[in-house]
Each structure stands twice: as structure tokens, then as C-alpha cells.
Amino acid sequence: MSFSFFKPSRPKTPQEVVKAVKDSLLALDTQTVVEVKALEKAMEEVEKNLAAMRCMLCGDGEVEPNLDQVSQLVLEVCKEDVLALVIHKLPNLGWEARKDLVHCWSMFLKQKVDSKYCSVEYIENHFELLDFLVVCYDNKEIALNCGLMLRECIKFPTLAKYILESASFVLFFKFVELPNFDVASDAFSTFKDLLTKHSTLVAEFLTAHYDEFFDLYEKLLMSPNYVTRRQSLKLLSEFLLEAHNSHIMKRYVLEVRYLKVMMTLLKFVLAAEFSPHLCFMQYTRVLECFLHGK
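This structure is a prediction, so every number in the text was calculated from the model and none was measured. (Residues numbered from 1 in each chain as written. Predicted model: local features only at pLDDT ≥ 70, side-chain atom pairs only at ≥ 80, totals over all residues. Heavy atoms only, no water.)

**Q** A description of the side chain of Asp193 should follow, citing residues and the corresponding values.
**A** Relative to the assigned elements, Asp193 resides in helix H12 (residues 181-196). Salt bridges are absent for the buried Asp193, whose nearest opposite-charge side chain, Lys197, sits at 4.6 Å. (Helix = DSSP H or I, 4+ residues; strand = E, 2+ residues; numbered from the N terminus. Buried < 20%, exposed > 50% of the residue type's maximum accessible area, 1.4 Å probe, protein only. Lys, Arg positive; Asp, Glu negative; His and termini not counted. Salt bridge = Lys/Arg side-chain N within 4 Å of Asp/Glu carboxyl O.)

Here it is, written out as C-alpha cells:
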């Protein structure tokens, strides 16, 4: 005879998990913020539901995720516009919820359903979400989370192409020099990925926007911040010497103004303002381009 008064709870379906996440995120509105207790309760619901979503996507450490459920979950977050909602609600979330969200975001983008990246296609139809993530570098509370999400997006050529050609791209020249070192470093990592992940795409971009790009890049090379100068010099050596960028490099080395920039940077190297072990090789590689033009 069983004396159990409680039935084990039925596992939620992907549709129920997505609905719970959506409803709890929508509860984080201006009316909720009025009362502290109500807000705390709403935040707890968001954290609980995002943790449940992450568990369904990745498993719980003991049980592997059900691939059919994962596919259904991905389709549902796109269908219900939850991908857009989680981005717009990101500034309202707590640390734990943001951590789970970033993990889920990575899984959403990687997951194929019927040989298609559904989440990537969703973002392609809502490119403004990428602009939102870029602008969020101005919010130091969520900047690192947004940086991780952006770098996941940049792995896909269509998304990287949009960011490069958007008005938001020029903001990176500001963000890499922000006073907060962690945020500036993260922004530079994203900036570097944009310029190195897809060589053919980058070559097309630099060809079409040569003057505007190198005018802005010169300011990084001559920045009063030595870390910015050092990182920018290293990155310049990387993307100029890519085979797909050979025509860009030849054009660059023919311009006297940029040779003057390199000579100025040589002064910093000789004055040991840069660490010779870190920077002299990068400087030499770029200078060789000017000397040999190849």
C-alpha cells in the first residue's frame, strides 16, 4: 500500500518551457519595478525558467539532452520571438540569469533543425538585434555578456557581414578605448573577430570602405593609450598579411601617411614603451610590407 500523497511533477515540454520563459520575462515591466518584493519574485521566476531552458538544451550532468526536445525548443523560441525578448530584457536580468542566457544563446545558434540554423535565420530577419548587442558595450553591467553573444554571432558570415556594414561598426573604435579595461579588452576581442574570422568577407569590406576604415584605424595606432596602440599594431599585421587582403596591403604601403605612422610607432618601440618581445615582431612584419611592397 502506497502512502505517497504527492505525485512526481511531469517534465515540462519545450513549448511549456518557452512559454514560462516568455511570461516571466514579460513580467519584468515598469509596473513590477515599483514594488521591490514583486520584482524579486519576478527575477526568481526568470532565473528558474532560464535554468530549466539551459537544462533542456544541455542536460543536467547526469542525463543527456533529448535531441528532439532541443530541436523543438529552438523552433519554439524563434516562433514565439523569445530570441528578441531575451536580448531586450538583458539589462534587467541578474548575474545568474545572464550567465544562463549567454549559454543558451550559444546553443541556439549552433543547433540545426532540418539542416538549417533556425536561430541564425531569425536574426537575419531581425538584424536590429545585432545593433542592440553592439550598443550594449556602453553598459558595463552587461557588456561582457553581450560581447560573448556577439562573438557567437560573428561565427556566421551573414551576421558578421551585417555588423561590418552597419552604422554600429564604427562604435567599436570608441569601445576599444573605454576607460573600463575589461570592457575595452572584450570589445577589442569582438573587433578582432570581425576583421579575422571571414577573410573573403573582410577583403570585400576593406575594398569598399578603405578610406573610412583606415582613417579611423590610424587613430587607434596613434592612441594615447599604449595598450590600444600595441593591440592595434598586432591586429594590423594579422589582417594586412592575409592572402585575401594582398591588394589592400599594397595600397596601404604606397601611402606616405601610413609609413609616417609606422615610423612614429618605431620610436615607441625603441623607447621601450612597448614591450619589445610582444610588439617588435608585429612592427617588423608591417614595416617589411612597406620596404618590399609584397
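The rest of the description comes next.
**Q** Tell me about the packing of helix H9 (residues 143-154) against helix H10 (residues 157-165), residues and numbers included.
**A** Packing of H9 against H10 brings their axes to within 7 Å, and their N-to-C directions diverge by 115 degrees. Packed against H9, whose contacting residues are Leu150, Cys153 and Ile154, the element H10 presents Leu159, Ala160 and Ile163 at the interface. For the contact of H9 with H10, a count of residues per class yields 6 nonpolar, no polar and no charged. (Axes fitted to C-alpha atoms, helices over the stretch in contact; angles between N-to-C directions. Contact = heavy atoms within 4.5 Å. Nonpolar A, V, L, I, M, F, W, Y, C, P; charged D, E, K, R; others polar.)

**Q** Outline unusual backbone geometry, listing residues and values.
**A** In the Ramachandran plot, Asp81 falls in the positive-phi region, its phi being about 60 degrees despite a non-glycine side chain. Locating Asp81 in the fold gives a position in the loop between helix H4 (67-79) and helix H5 (82-89).

**Q** Explain the packing of helix H14 (residues 210-221) against helix H16 (residues 246-253) to me, and be specific about the residues and the numbers.
**A** Helix-helix packing is characterised by the crossing angle of the two axes and by the distance between the axes. Direction vectors running N to C along H14 and H16 enclose 65 degrees, while the axes themselves pass 13 Å from each other. Both H14 and H16 take part in a crossing whose hand is right-handed. Touching Tyr210, Asp211, Phe214 and Leu221 of H14 are Ile248, Arg251 and Tyr252, all from H16. Split by residue class, the contact of H14 with H16 holds 5 nonpolar, no polar and 2 charged. (Left-handed = near helix turned anticlockwise from the far one by under 90°.)

**Q** Give me the lowdown on the environment of Leu178, citing residues and values where you can.
**A** Here Leu178 lies in the loop between helix H11 (172-175) and H12. Measuring from C-alpha to C-alpha, the distance between Leu178 and Tyr137 comes to 9.3 Å, with 41 residues separating the pair along the chain.

**Q** Can you break down the pattern of salt bridges residue by residue, with the values?
**A** With the rule as written, the count across this model stands at 13 salt bridges. The partner of Arg251 in a salt bridge is Asp211, with the nearest N and O atoms 3.6 Å apart. Taken as a pair, Arg251 in helix H16 and Asp211 in helix H14 lie far apart in primary sequence, 40 residues in all. Residue Arg251 is classed as partly exposed on the basis of its relative accessible area of 39%. Classification of Asp211 as partly exposed rests on a relative accessible area of 43%.

**Q** Explain the side chain of Thr190 residue by residue, including any values.
**A** Along the chain, the position of Thr190 falls in helix H12. Looking at Thr190, the relative accessible area reads 1%, which means it is buried. For Thr190, the contacting residues outside a window of four places in its chain are Tyr137, Gly147, Leu150, Arg151, Ile154 and Phe172.

**Q** Can you tell me about the nonpolar core, naming the residues and giving the values?
**A** Core analysis: the largest hydrophobic core is formed by 91 residues, its most contacted members being Met53, Phe169, Phe191, Phe213, Phe214, Tyr217 and Phe239. Setting aside its immediate chain neighbours within four residues, Phe214 contacts Leu236, Phe239, Leu240, Ile248, Tyr252 and Tyr258. (Core = buried A, V, L, I, M, F, W, Y, C linked by side-chain atoms within 4.5 Å.)

**Q** I'd like a rundown of the environment of Ala143, residues and numbers included.
**A** Secondary-structure assignment places Ala143 in helix H9. What makes Ala143 buried here is its relative accessible area of 0%. When sequence neighbours within four positions are dropped, the list of residues in contact with Ala143 reads Cys136, Tyr137, Val183 and Asp186.

**Q** Can you explain helix H13 (residues 199-208)? Please cite residues and give values.
**A** Turning to H13, its buried residues number three or more, namely Leu201, Val202, Ala203, Phe205 and Leu206. Its buried side turned inward, H13 meets H10, H12, H14, helix H15 (226-240) and H16.

**Q** Which residues make up the confidence of the model for the chain, and what values go with them?
**A** In this model, the chain carries a mean pLDDT of 86, and residues with pLDDT of at least 70 account for 86%. In this model, residues 276-280 is a region of pLDDT below 50 whose contacts with residues beyond four sequence positions or in other chains number 6 contacts. (pLDDT = per-residue confidence, 0-100.)

**Q** Which residues make up the packing of aromatic side chains, and what values do they have?
**A** Applying the stated criterion across every chain yields a total of 25 aromatic pairs. Between the aromatic rings of Tyr137 and Phe175, the centroid separation amounts to 5.6 Å while the plane-to-plane angle is 40 degrees, which identifies the pairing as tilted. Of this pair, Tyr137 sits in the loop between helix H8 (128-135) and H9 while Phe175 sits in helix H11, and the two are 38 residues apart along the sequence. Each member of the pair, Tyr137 as well as Phe175, carries the same accessibility label: buried. Where Phe205 meets Phe213, the ring centres are 6.1 Å apart and the plane angle is 85 degrees; that geometry is what we call edge-to-face. Here Phe205 and Phe213 have matching classes, each one buried. (Phe/Tyr/Trp six-rings, centres within 6.5 Å; stacked < 30°, edge-to-face > 60°.)

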